[in-house]
Amino acid sequence: MTIVPISVPTPARDRIVIFDTTLRDGEQSAGASMTFDEKIQVAELLDAMGVDVIEAGFPIASEGDFEAVSEIARRVKTAIPAGLARAAFKDIDRAADALRHARAFRIHTFISTSPVHMKYKLQMEADAVLEKVIASVTRARSHTDDVEWSAEDATRTEPDFLARCVEAAIRAGATTINLPDTVGYTTPDEYSAMFRSIIERVPNADKAVFSTHCHNDLGMAVANSLAGVIGGARQIECTVNGLGERAGNAALEEIVMAIRTRSDVLPFTTGIRTPMLTQASKLVSTVTGFPVQYNKAIVGKNAFAHESGIHQDGMLKHVETYEIMRPEDVGVRETNLVMGKHSGRHAFREKLKDLGYDLGENALEEAFNRMKALADRKKVVYDEDIEALVEDEITSA
Ligand code: KIV
Ligand code: ZN
C-alpha cells in the first residue's frame, strides 16, 4: 500500500499592524524627553525595522513636537507617520499641517468615554462627547483617508456607550478604532472579551481595524495586548522598552517576539525585522537616559545569560534546554555563559577553550576552584579575571 502524504494546510496568519508610540506616549514618560535629532534618529530606526505606523508626536503640544513630526513625515520611507490630536479642530488641523509632506499619513484623534473621565476631566455629558466623536473624525477625514479614533479609558467605559461611539466614529470615517486600557486596569480575559463583544455588536465593525493600546500599571500590558488580538484586534500600539506614562506601555519587543515564538497559539505575523530589536532598545535607552533593567525580557543584558552550572551544562548539550529564542533573532551575538559561583566545570572548560587555554585535568581543577573562590567575593567573574587566574596558575605550576 502506498502512503500518500497528506499536505497539512498552513493556517492563515493574520498580519498585525505594529503601531509604535515611543515618540508620543513613550516621550510622555516623566523625564524621557528627546531632542529633535534624537527623535529623527529613533524614527529612522523604527522605519528601517519595519514598524507599520509611527506615532511621531502630538503636534499641537509644542513647536518642537510640530517640527519633529514634520521632519519625520518627510523622512520615513515605508512607515505611515501619525500625529495625535484631541477632539478639537485646532488640534486636528495642526496635526494635518505637520504631516502634510508625507506620502500618506494618519491622524489619530481621541476623547475620553468613561464616566469618571467625562464627569471630572471633560465635564461633559455623554451625548456631547458623542457629538465630538463625530465632529472630530469628520474633520480628520477632511485631511486624510487614514483616521484613527481612540476611546480614551475604553476599559472603564460603559459597554453600550462604547458601542455607540465606535459605530458613530466608523460612520464618520474612522478606519482604525483603538480601545485603550489607559490606566492599565484590565485583565487579559476581560480585554479580549471587550473586543469580541464590540466587534460583534457594532454593525459596521468590519469597516475598521481594531487596535489595542495597553498601559502597564499592573504589569499586564503585553499579555493584555495579545489577548486583545485574540479578541479580534489587528493593530497593537506599543513602545520600545515599554517606555510610557507611569509604568509604561506594552513593550514592542516582547509583543513581536511572543507572536514569533508562540505562533502555535498566536497565529499572527508582524513585519518587524527582529534582529534590529536590540539596537532599537539600546538607542531608546541612550537617548532617553532610561536604563534597561538587566532581567528585561528580550533586550535585557541577562535575557540570554546563563549562570547556574545546571543550566550551563544543559545549554552546552543542547541550546533548547534553556532557550526558547535564538539570541541572534533579536540581534544579540550569542548566548552568554556567565562565570559565577553557580557555574559548573563543563561551562568553565568551554570558557577556557574560548579564551584559548587547554589545561590538563589538575590545572583545570585548580583554576576552577580559584574561580569559585573569586566568585564568592565578586558578583560576576569576567573573562579578564579568568585569564589572570589561569596565567597565574600556569606560571606557578
Ligand atoms: O492611553 C491612552 O488612552 C492614550 C490615548 C491618547 C490613545 O495614550
Ligand atoms: Zn497611552
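Residues numbered from 1 in each chain as written. Chains lettered and ligands numbered in written order. Predicted model: local features only at pLDDT ≥ 70, side-chain atom pairs only at ≥ 80, totals over all residues.

*Asks:* Outline helix α2 (residues 36–49), supporting the account with residue identities and numerical values.
*Replies:* Here α2 spans 20 Å end to end across 14 residues, near enough to the 20 Å set by a 1.5 Å rise per residue. If you check which residues of α2 are buried, you get K39, V42, A43, L46 and M49. Considered in projection along α2, the buried side chains sweep an arc of 125° and stay on one side of the axis. Against β2 (17–20), α1 (22–26), β3 (53–57), α3 (63–75) and α11 (277–288) lie the buried residues of α2. Residue G50 follows α2 closely and has a positive phi angle near 100°. (Helix = DSSP H or I, 4+ residues; strand = E, 2+ residues; numbered from the N terminus. Expected span 1.5 Å × (residues − 1). Buried ≥ 20, exposed ≤ 12 C-beta atoms within 10 Å, placed from the backbone. Arc of directions from axis to C-beta. Contact = placed C-beta atoms within 7 Å.)

*Asks:* An account of the site of ligand 1 is requested, with residue identities and associated values reported.
*Replies:* Taken together, the residues surrounding ligand 1 are D25, F110, S150, E152, N178, P180, T182, H213 and H215. Where the shell around ligand 1 is concerned, the elements lending two or more residues are β6 (146–152) and β7 (176–181). Partitioned by chemical class, the residues of the shell around ligand 1 number two nonpolar, five polar and two charged. (Near = placed C-beta within 6 Å. Nonpolar A, V, L, I, M, F, W, Y, C, P; charged D, E, K, R; others polar.)

*Asks:* Pulling in residues and values, what's your account of the UniProt feature "domain: Pyruvate carboxyltransferase" (unreviewed entry) in the protein chain?
*Replies:* As recorded in UniProt, the feature "domain: Pyruvate carboxyltransferase" (unreviewed entry) lies at residues 16–278. Across residues 16–278, helical content stands at 44% and strand content at 18%; the span's end C-alpha atoms are separated by 21 Å. (UniProt positions renumbered as here; feature names shortened; annotations may be inferred.)

*Asks:* Just give me the short version of the UniProt feature "binding site: Mn(2+)" (unreviewed entry) in the protein chain, but keep the residues and values in it.
*Replies:* UniProt's entry tags D25, H213, H215 and N249 with the feature "binding site: Mn(2+)" (unreviewed entry), counted in the numbering of this structure. The largest pairwise C-alpha distance within this set of annotated residues, which runs over 225 residues, is 10.2 Å, so the set is compact in three dimensions. Taking the number of C-beta atoms within 10 Å as the measure of exposure, D25 has 23 and is therefore buried. In this structure D25 touches T239, G244, E245 and N249, once residues within four positions along its chain are discounted. Here H215 shows up in the loop between β8 (209–214) and α9 (221–230). The class for H215 is buried, based on 25 C-beta atoms found within 10 Å. For H215, the contacting residues outside a window of four places in its chain are D181, T182, V183, G184, A221, G244, E245, R246, A247 and N249.

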